[in-house]
Amino acid sequence: MPTLINYSGDNEFYAGGSFYTNPKDSGLLLSIGNHVDVYCPPRKRSRISAPFVFREKKFEQEKRPSIDVLPDECLFEIFRRLPGGQERSSCACVSKKWLMLLSSIRKTDRVNDGAKVDKERPLLATNDVEMICSDEDRELESDGHLTRCLEGKKATDIRLAAIAVGTGTRGGLGKLLIRGSNSTRGVTDLGLSAIARGCPSLRALSLWNVSSVGDEGLLEIANGCHLLEKLDLCQCPSISNKGLIAIAEKCPNLAALSIESCSKIGNEALQAIGRFCPKLQSISIKDCPLVGDHGVASLFSSATSSLTKVKIQTLNITDFSLAVIGHYGKAITSLILSGLQNVSEKGFWVLGNAQGLERLVSLSITSCRGITDVSLEAMGKGCPNLKYMCLRKCCFTSDDGLVAFTKAAGSLESLQMEECNRVTQSGVIGALSNCGSKLKSLALVKCMGIKDLSLDVPMLSPCKSLRSLSIRNCPGFGSASLAMVGKLCPQLQHVDLSGLYGITDAGLLPLLESCEAGLLKLNLSGCLNLTDEAVLAITRLHGGTLELLNLDGCRKITDTSLVAIADNCLLLNDLDVSHCTITDSGVAALSSGEQLNLQILSLSGCSKVSNKSMPFLRKLGKTLVGLNLQHCNSISSSTIELLVENLWKCDILS
């Protein structure tokens, strides 16, 4: 002890100020003699091995020395002089008090730091201190930095302190994800401060549903982690403009920012981001009630704006914000707009006509009342390089708007429409015949306005570029519509007709016959009226090219179809006949296919498949990597166990 008190040398004591935040705490020092003071903190008495034993009115010094009586200032000075990371990790395992003290030391405060990156030696751990050592928590990044993810009960300040101390010798922490928090001792500003002091290499921080972390924690991150490139804040009600402004001012490398359901973050924060973050490329803002036109306009109109990916959802913005985006968004390549209830047709019209979205490649619009036929056409004309378009729940878009958009968007390669109920059969046919020569994919999902009508239409120019057609859960899309689409799209290779219970064998046949290039993937799940005749036609016309066939829920499909598949589908590697009328005979026929090389087979819900199929499944298992036998009630558990034992390369679901 006298050695510590009388210490002198080249390394001066750390001049960081007193550990007493309250001046009154200095009175807690109890003077025992001329040269001895004992520190008595205002807390529950703890049992320690002190070098002094009090007996009546006098005391005597025992021979057993103890470091526990040293004040925090002395321990701090000792810890910051530890020679390397292994020594710091060992000391951190002694107690939570030592761990928290070690985590309070910044890298710049260390004296004679001889730490070297050690990627092989594991961190020490004891029962008293929860060190993060398991494989599920550690992931070595390609740039040499580590990733840590804490979820639920694991998310505590103690674990964050252990991460801060332990990752310094292993290349440094590069990415930290905190999802949820321990209900009794969760993550607070204290834990985030430990990360800020011990992990200056941090480049990505994600905080989801962490209510106890506020501006103080984010301020510490801003002060200690100047290399931060990605910040994701979701449901952080205690973080306000103050914390985000500090990040903007002190983290100039910030390239990606996501803010969701943060009720205290508003326009001032976005202004600072636009002003101080010249490298920002990606921004996502969702459900932040204090964010309005002023913040969005300031962000995009900033001279430093280089945004390429923008996602704006459920914000109280108006036409003004979209006009600013349309004018200043010259670098934007991907734009997602959702739930903008206060934006009218004029806003989207200006967005397209502002001529600023020349580099826009991908556009997704969901639940926006301002998307009408007029504004949709303007978007098509104003985005000359647009390749991917997705419209969801745009209830004011009709056939006229769809046809006008496909005519105007000359570079369009993929079009998806979901729950656009004013679009009819006429609009789909018109879009296919006017889309130009680049459209490769068309998807229609839950478009209830489509009715199966036999229209007398003149000769239309076919869409020879279309390779993928997906029409899912559109109950009005029947055989007549399918026949017309088949004539317009002769080069289809991927077809998804799941949930179209109205189509029949006769309606599917024209489509199958018109596919000149040969189908590669065909999904007919939920097409209840299809029979073995349809499968026979599929195997006859496309057996030489077909790689995936999904017949899930086609109850009229029997063993006859499996015989045809085994004989004709030489390249098939994924087959789903779940809930079909398949028996052991069908499985036997499938296993007899000499050139069949199935990798994935699903028999889920085939109640007539029994234990008799055991040898046939074992034969198929030579090539299988996935087998689904769920809800096959006629197969016993012992048979399943034998299959698992014999087909050890195959993942079996039962």
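If you check an unreviewed UniProt entry, the chain appears there as F-box domain-containing protein from Liquidambar formosana.

Draft legend 1. Structural view of the overall build of the chain. Looking only at helices and strands, one finds 22 helices and 25 strands in the chain. Across the 654 residues in the chain, those meeting the buried criterion constitute 49%. In the chain, the proportion of contacts linking residues at least 24 apart, taken out of those at least 6 apart, comes to 79%. Just so you have it, the chain exposes about 30,700 Å², and 51% of that area is on carbon and sulfur atoms.

Draft legend 2. Geometry of the environment of Leu 177. Among the structural elements, Leu 177 can be located in strand β7 (residues 173–179). The contacts of Leu 177, once residues within four sequence positions are left out, are Thr 147, Arg 148, Cys 149, Leu 150 and Ser 206.

Draft legend 3. Main features of helix α12 (residues 345–353). For α12, the complete set of buried residues consists of Gly 347, Phe 348, Leu 351 and Gly 352. One face of α12 carries all of its buried residues, which in axial projection span an arc of 130 degrees. Residues of α12 that are buried sit in contact with α11 (319–328), β13 (334–338), β14 (362–366) and α13 (373–382). Looking one or two residues past α12, Gln 355 carries a phi angle of roughly 65 degrees, positive in sign.

Draft legend 4. Structural context of the side chain of Ser 433. Within the secondary structure, Ser 433 is located in helix α15 (residues 425–434). Of the polar contacts made by the side chain of Ser 433, one reaches the backbone oxygen of Gly 430; its length is 3.1 Å. If near-sequence neighbours (up to four positions away) are discounted, Ser 433 is found in contact with Leu 460 and Ser 461.

Draft legend 5. The arrangement of unusual backbone geometry in detail. Non-glycine residue Glu 419 carries a positive phi angle of around 55 degrees. Mapped onto the fold, Glu 419 is located in the loop between β16 (414–418) and α15. For Glu 419, a relative accessible area of 27% corresponds to the partly exposed category. Phi at Asn 473 is positive, roughly 55 degrees, even though this residue is not glycine. With respect to the helices and strands, the residue Asn 473 is situated in the loop between β18 (468–472) and α16 (479–488). By relative accessible area, Asn 473 is classed as partly exposed at 36%.

Draft legend 6. Layout of the pattern of salt bridges. Applying the stated criterion across every chain, the model contains 6 salt bridges. Notably, a salt bridge pairs Glu 260 with Lys 286, separated by 3.8 Å at the nearest N-O pair. With a gap of 26 residues between them, Glu 260 in strand β10 (residues 256–260) and Lys 286 in strand β11 (residues 282–286) connect regions that are remote in the sequence. Take Glu 260: its relative accessible area is 26%, and that puts it in the partly exposed class. In this structure, the salt-bridge partner of Lys 381 is Glu 377, at a minimum N-O distance of 3.4 Å.

Draft legend 7. Representation of the environment of Gly 292. Within the secondary structure, Gly 292 sits in the loop between β11 and α10 (293–301). Taking the relative accessible area as the measure of exposure, Gly 292 reaches 11% and is therefore buried. Residues within four places of Gly 292 in sequence aside, it is in contact with Asn 267, Asn 316 and Ile 317.

Draft legend 8. Looking closely at the packing of α16 against helix α17 (residues 505–514). It is at 7 Å that the axes of α16 and α17 come closest, and there the two elements cross at 10 degrees. By the angle between their axes, α16 is roughly parallel relative to α17. Contact residues: α16 offers Ser 479, Leu 482, Ala 483, Gly 486 and Lys 487, while α17 offers Gly 507, Leu 508, Pro 510, Leu 511 and Ser 514. When its residues are assigned to classes, the contact of α16 with α17 shows 5 nonpolar, 4 polar and 1 charged.

Draft legend 9. Broad picture of the pairing of strand β9 (residues 230–234). With respect to burial, β9 is a largely interior element, 4 of its 5 residues being buried. As defined by bridge partners, strand β8 (residues 204–208) adjoins β9 across 5 bridges and the pair is classed as parallel. Among the inter-strand pairings, Ser 206 is bridged to a residue of β9, identified as Asp 232. For the handedness criterion, the β-α-β arrangement of β8, helix α7 (residues 215–224) and β9 is classed as right-handed. Relative to β10, β9 runs parallel, the two sharing 5 bridges. Looking across to β10, one finds that Asp 232 is bridged to Ser 258. After leaving β9, the chain enters helix α8 (residues 241–250) and then returns to the sheet as β10, a path that is right-handed.

Draft legend 10. Main features of the side chain of Asp 157. Inspection of the secondary structure assignment puts Asp 157 in helix α5 (residues 157–166). Relative accessible area serves as the criterion here: at 11%, Asp 157 is assigned to the buried category. Polar side-chain contacts of Asp 157 include one of 2.5 Å to the side chain of Thr 188. Discounting residues that sit within four places of it in the chain, Asp 157 has contacts with Arg 185, Gly 186, Val 187, Thr 188, Leu 190 and Gly 191.

Draft legend 11. Quick peek at the pairing of strand β15 (residues 388–392). Where β14 meets β15, 5 bridges bridge the pair, whose relative direction is parallel. Note on β15: the bridge partner recorded for Leu 363 is Met 389. With α13 bridging β14 and its parallel neighbour β15, the resulting β-α-β unit is right-handed. For β15 and β16, the ladder comprises 5 bridges, and the chain directions are parallel. Considered in β16, the bridge of Leu 391 is made with Met 417.

Draft legend 12. Quick peek at the confidence of the model for the chain. Scored by pLDDT, the chain comes out at a mean of 84, with 83% of its residues at no less than 70. Segment residues 1–41: pLDDT under 50, and 45 contacts once partners within four positions in sequence are set aside and those in other chains are kept. Every residue in residues 43–54 is under pLDDT 50, and counting partners more than four places away or in other chains gives 19 contacts.

Basis of the calculations
All chains use their own residue numbering, which begins from 1 and follows the written sequence. This being a predicted model, a pLDDT of at least 70 is required before a residue's local features are given, and a value of 80 or more before pairs of side-chain atoms are given or counted; all residues contribute to the totals for chains, interfaces and linings. Neither water nor hydrogens contribute to the side-chain values; these are computed over all heavy atoms in the structure. Counting from the N terminus, the helices are the DSSP runs of H or I reaching at least four residues and the strands are the DSSP runs of E reaching at least two. With a 1.4 Å probe rolled over the protein chains alone, any residue whose accessible area is under 20% of its type maximum counts as buried; one over 50% counts as exposed, and the rest are partly exposed. By definition in these notes, contact holds between two residues if any of their heavy atoms fall within 4.5 Å. Each accessible area is a Shrake-Rupley result for a 1.4 Å probe, and residues are judged covered by the shown protein chains and nothing else. Here, the arc refers to the directions that run from the helix axis to the C-beta atoms. Between N or O atoms, a polar contact is any pair within 3.5 Å; within protein, one atom must be a potential hydrogen donor and the other a potential acceptor, and residues adjacent in sequence are included only when both atoms are from side chains. Salt bridge, as used here: a side-chain nitrogen of Lys or Arg that lies within 4 Å of a carboxyl oxygen of Asp or Glu. A fitted line through C-alpha atoms represents every axis, and for helices the fit uses only the stretch in contact; the resulting angles, taken between N-to-C directions, go from 0 to 180 degrees. Working rule for angles: under 35 degrees goes down as roughly parallel, over 145 as roughly antiparallel, 65 to 115 as roughly perpendicular, anything else as oblique. Basically, the charged four are Asp, Glu, Lys and Arg, the nonpolar ten are Ala, Val, Leu, Ile, Met, Phe, Trp, Tyr, Cys and Pro, and anything else, Gly included, counts as polar. We call two strands paired when DSSP finds no fewer than two bridges between them. By the criterion used throughout, a crossover qualifies as right-handed when its path from the first strand across the helix to the second strand runs clockwise, the strands pointing away from the viewer. Per-residue confidence from the predictor is reported as pLDDT, a score between 0 and 100.

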